[in-house]
Amino acid sequence: MKELLEILQGIKPGVDFENEQGLVEKGILDSMAMIRLVSEIGDEFDVEIKVTDLVPENFNSAEAIMSLIERLEDED
C-alpha cells in the first residue's frame, strides 16, 4: 500500500488518499491522472490493467486500487 500511496501522491499531491473515497466520482482522478496511474501501477507492481478493469469501482479509493492490484497479481 505504501508504494501505491506514493504513486498517488506523485500524481495528485495534497490529497488524503488514505481516507478519500470517490476519487473518480469526485473528479480527483481525471482521465490524464488515470492514464499515468495505470502506467505507474503497471511498472511498480508488474501487472497489466486491462480496459475492462477501468471502472470507477476499481479506482474510487486507495483500498479499491490495492484490491485490484492484488487480484491482478494473483492472476499471474
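Since the structure is predicted, the reported quantities are computational estimates derived from the model, not experimental observations.

Caption draft 1: Quick look at helix α4 (residues 62-75). Taking 1.5 Å as the rise per residue, α4 with 14 residues should run 20 Å; its terminal C-alpha atoms sit 20 Å apart, in good agreement. For α4, the complete set of buried residues consists of Ala62, Ala64, Ile65, Met66, Leu68, Ile69 and Leu72. Each element contacted by the buried residues of α4 is listed here: α1 (2-11), α2 (31-45) and α3 (56-59).

Caption draft 2: Highlighting the pattern of salt bridges. Counted by the stated rule, this structure contains six salt bridges. Taking the shortest distance from any N to any O, the salt bridge between lysine 50 and glutamate 75 comes out at 3.9 Å. Here lysine 50, found in the loop between α2 and α3, pairs with glutamate 75, found in helix α4; they are 25 residues apart in sequence, far enough to count as distant. For lysine 50, a relative accessible area of 39% corresponds to the partly exposed category. One salt bridge connects aspartate 53 with arginine 71, and the closest N-O pair in it is separated by 3.1 Å. With a gap of 18 residues between them, aspartate 53 in the loop between α2 and α3 and arginine 71 in helix α4 connect regions that are remote in the sequence. Its relative accessible area of 7% is what places aspartate 53 among the buried residues. Note on arginine 71: relative accessible area 36%, which makes it partly exposed.

Conventions adopted
- By convention here, each chain's residues receive numbers from 1 onward along its written sequence.
- Selection of residues for local features in this predicted model requires a pLDDT of at least 70, selection of side-chain atom pairs for listing and counting requires 80 or more, and totals for whole chains, interfaces and linings are taken over all residues.
- Side-chain metrics rest on all non-hydrogen atoms present in the structure, leaving aside hydrogens and water.
- The numbering of helices and of strands both runs from the N terminus, where a helix is a DSSP run of H or I of at least 4 residues and a strand a run of E of at least 2.
- To estimate how far a helix should reach, multiply one less than its number of residues by 1.5 Å.
- Only protein chains enter the accessibility calculation, which uses a 1.4 Å probe; a residue is then buried when its area is under 20% of its type maximum, exposed when over 50%, and partly exposed in between.
- We call two residues in contact whenever any of their non-hydrogen atoms come within 4.5 Å of each other.
- Here a salt bridge means any side-chain nitrogen of Lys or Arg lying within 4 Å of a carboxyl oxygen belonging to Asp or Glu.

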